[in-house]
There are 2 protein chains.
Amino acid sequence: MAVRAGKQTFIFENGVYYLSGASIVGKKEGQGPLGMGFDTVLEDDLWEEDSYEKAERKMFAQALSKAAEKAKLEQNNIDLIIGGDLLNQIISASFAARDFNAPFFGIYGACSNMAQSLLLGSCLINAGYCTNILCATSSHFSSAERQYRYPLEFGNQRTPTAQWTVTGAGAAVLSCVKSGVHITSATVGKIIDMGIKDGNNMGAAMAPAAADTLAAYFSDTGSKPEDFDLIVTGDLGLLGKDIAIELLEKKGYDVRPRMNDCGCMIFDQSQDVHMGGSGCGCSASVLNSHLFNSLTAGIYKKILFAATGAMLSPTSSLQGESIPSICHAICIEGAKI
Amino acid sequence: MAVRAGKQTFIFENGVYYLSGASIVGKKEGQGPLGMGFDTVLEDDLWEEDSYEKAERKMFAQALSKAAEKAKLEQNNIDLIIGGDLLNQIISASFAARDFNAPFFGIYGACSNMAQSLLLGSCLINAGYCTNILCATSSHFSSAERQYRYPLEFGNQRTPTAQWTVTGAGAAVLSCVKSGVHITSATVGKIIDMGIKDGNNMGAAMAPAAADTLAAYFSDTGSKPEDFDLIVTGDLGLLGKDIAIELLEKKGYDVRPRMNDCGCMIFDQSQDVHMGGSGCGCSASVLNSHLFNSLTAGIYKKILFAATGAMLSPTSSLQGESIPSICHAICIEGAKI
């Protein structure tokens, strides 16, 4: 049975099922256009914890539990947790996994985490290594701001191309047990760096990676943008999305009619988020609420989910480096009943 | 064909071959007992770069190139790079992968990185997703000190239980193409946290994770410590190694006669490293020099390589948290000719 197409794409013919998706977001995200679809909307970003980091970890743990619960699985039915987040040493993921008593793979793909965890999880399910895998990621506006940028108390001015880190977590259960939604193929991205050095313009930095991976997916699988109801990038934001569309046009793919971006979907322009949402909690919470629900309901039959990540660190930026970026693409299909 | 044993162990029956191992270390490591076995020993830890971070990245890239070269592979024969390191946002791995033009998975398992990358790589090779995969990791004493502890200029006193972060990188090529050394099974670790809060005693924090994973390996596969020529943990150091041996004794496994630890092997006690070496470059450089060479030469027929990681961050420690730890175990065998 084929497990490989072209240079970068894996095929999952044995059945990789997306049993459940769970999401939890902050208050601002709950007030956005997708607010009704999230499982939990926090009233307060600290969520009764004494630090933003602890609140983020609690969100991560809550997403894991909720996804398992929705899939009707007990903790001991989970073979593996694959997760990561934006905090140094992925402390949200590893501290949340500590209480789950399951084998754990830590990953780091910046905001591409949700796609990377689904990709690895799909490989392991398709090859028979695992029955049920939890894939999850999170981000938190306030923990990310103080780690990557400035303390909130500093009140720095945001530039017009900046995006707003989503406070949110998303988790999915992948399984070999049949269900309505399944993952059929995926493309592993390369690190792409076109020399953008502005940490406040991550959309521009990540757009070439999105275009590269999407073009590789189309080429490897012989598919066309028209084969999808929706092509949805992780968190390029308004500017990055436009750049990716243009770059794909130059490569001969017209994605404009069916392309959207989780960073553009999660907030309304009136919410003062400049270019839109970002952070790995952005694509994770959008995928595991609105998108998963739309696939379950048959509104979408087939989507291409392409989460993007900017692999910069404050240290690399201070040392004058540009922003290496990556994007992994996952084809998710509704039931063929 | 079986791909799974027990609750945490994967079996690789299709042939996962360890084509080559490459290592590069700093001057101090070169002066240690294993010094002769490394491919490259640096004279100067900055290696003509203007920051320790850039020197570490150069080591990572060099390890990748050298491993590919030893396996007689061109860049375009590499299907995937799996890598991570200790620096925030794994910048050594992602910046090194940028110049390699291959699909990339970023991982974070702290000092367990080498085992985690080999484990994932073995799954992907065994299932037919890839032909050749580069697995790599690195650490650097000076970049780690200033990120995790204090600026070097501060000249802080090291406690008796502290370990010395190895300046080193290691890379391996895994392949479905037959060669003398192969990976036959592996156990995915759980996050284990027994409440140790002292960041200068990571051996004690990680030892329970090592014992948990090794016991799971023996139990899942029905094997015994005596089946191995060497059981080698990642970087528990002198104290952590003793604790792990004791914990395994309590679980009914006598590993003492064949147990060693990369952190104890890489330095001599006269080198003033207290409990020994640490950092993901420690187990990576020892595995991809001395251990790989011993397997190739038939000195060892079968080893269990169990790299351990402490998933703490300076932030989690400052917030009063203990140290969640993890260990993945890989069974590597010499040729059965």
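Data block above holds the structure.
Residues numbered from 1 in each chain as written. Chains lettered and ligands numbered in written order. Predicted model: local features only at pLDDT ≥ 70, side-chain atom pairs only at ≥ 80, totals over all residues. Heavy atoms only, no water.

K.L.:
Explain the relation of the copies chain A and chain B to me, using residue names and the numbers behind them.
P.N.:
Once chain A is rotated about the relating axis by 180° and shifted along it by 0.0 Å, it coincides with chain B to within an RMSD of 0.0 Å. Put plainly, the chains are arranged around a two-fold axis. Looking at the rotation axis and the C-alpha trace of chain A, the residue lying nearest is A:I107, at 2.0 Å. (Least-squares fit on C-alpha atoms with pLDDT ≥ 70 in both.)

K.L.:
Pulling in residues and values, what's your account of the nonpolar core?
P.N.:
One finds A:L118, A:L291, A:F305, B:L118, B:L291 and B:F305 to be the most contacted residues of the largest nonpolar core, which totals 107 residues. For A:F305, the contacting residues outside a window of four places in its chain are A:M114, A:A115, A:L118, A:V232, A:C262, A:S283, A:L287, A:L291, A:H328, A:A329, A:I330 and A:I332. By size, the runner-up hydrophobic cluster in this structure holds 74 residues, among which are B:A96, B:F104, B:Y148 and B:M311. (Core = buried A, V, L, I, M, F, W, Y, C linked by side-chain atoms within 4.5 Å. Buried < 20%, exposed > 50% of the residue type's maximum accessible area, 1.4 Å probe, protein only. Contact = heavy atoms within 4.5 Å.)

K.L.:
Describe helix α4 (residues 113-126) of chain B, and please don't skip the residues or the numbers.
P.N.:
Residue and element names in this part refer to chain B. Its 14 residues give α4 an end-to-end C-alpha distance of 20 Å, which sits within 8% of 20 Å, the value for a rise of 1.5 Å per residue. Most of α4 is tucked away: 14 of the 14 residues are buried. Note on α4: the residue one or two positions beyond its end, G128, has a positive phi of about 85°. (Helix = DSSP H or I, 4+ residues; strand = E, 2+ residues; numbered from the N terminus. Expected span 1.5 Å × (residues − 1).)

K.L.:
Break down the interface of chain A and chain B for me, with residues and values.
P.N.:
Residue-level contacts link 62 residues of chain A with 63 residues of chain B. Here chain A and chain B share an interface that buries about 4,800 Å² over both sides, 60% of which is from carbon and sulfur atoms. The largest contributions to the chain A side of the interface with chain B come from A:Q89, A:F105 and A:Y129, which together make up 17% of the buried area. The interface formed by chain A and chain B includes ten salt bridges. The closest approach of N and O atoms between B:D79 and A:R4, which form a salt bridge, is 3.6 Å. One can count 30 residue pairs in polar contact (both at pLDDT 80 or more) joining chain A with chain B. At the level of secondary structure, the elements contributing two or more residues to the side of chain A that touches chain B comprise β2 (9-25), α2 (52-70), α3 (91-98), β5 (104-106), α4 (113-126), α5 (141-148), α10 (314-318) and β14 (325-333) of chain A. Of all the elements, α4(A) adds the most residues to the side of chain A that touches chain B, at seven residues. (Buried area = accessible area lost by both parts, 1.4 Å probe. Salt bridge = Lys/Arg side-chain N within 4 Å of Asp/Glu carboxyl O. Polar contact = N/O pair within 3.5 Å; in protein donor to acceptor, adjacent residues only side chain to side chain.)

K.L.:
Give a description of the pairing of strand β6 (residues 132-139) of chain B that names residues and reports values.
P.N.:
All names here are of chain B. In terms of burial, β6 is largely enclosed, as eight of its eight residues are buried. Going residue by residue along β6, you find N132, L134, A136 and S138 tucked away on one face and I133, C135, T137 and S139 tucked away on the opposite face as well. As paired strands, strand β4 (residues 80-85) and β6 are joined by six bridges and run parallel to one another. Across the sheet, residue I81 finds its bridge partner in β6, namely L134. As judged from the eight bridges shared by β6 and strand β8 (residues 168-175), these two strands associate in the antiparallel manner. What sits directly across from S138, in β8, is A169. (Pairing = 2+ DSSP bridges.)

K.L.:
Talk me through the packing of aromatic side chains; I want residue IDs and the actual numbers.
P.N.:
For the coordinates displayed, the defined rule picks out 18 aromatic pairs over all chains. Considering the side-chain rings of A:Y217 and A:F218, the 6.3 Å spacing of their centres and the 80° angle between planes classify their relative orientation as edge-to-face. Three or more aromatic residues joined by ring pairs make a cluster, and in this case those are A:Y217, A:F218, A:F228 and A:Y253. A:K58 extends its terminal NZ or CZ atom over the ring of A:W47, reaching a point 4.6 Å from the ring centre. In this structure, B:K302 is placed above the aromatic ring of B:F228, and the distance from its NZ or CZ to the ring centre is 5.2 Å. (Phe/Tyr/Trp six-rings, centres within 6.5 Å; stacked < 30°, edge-to-face > 60°. Lys NZ or Arg CZ within 6 Å of the ring centre and 35° of its normal.)

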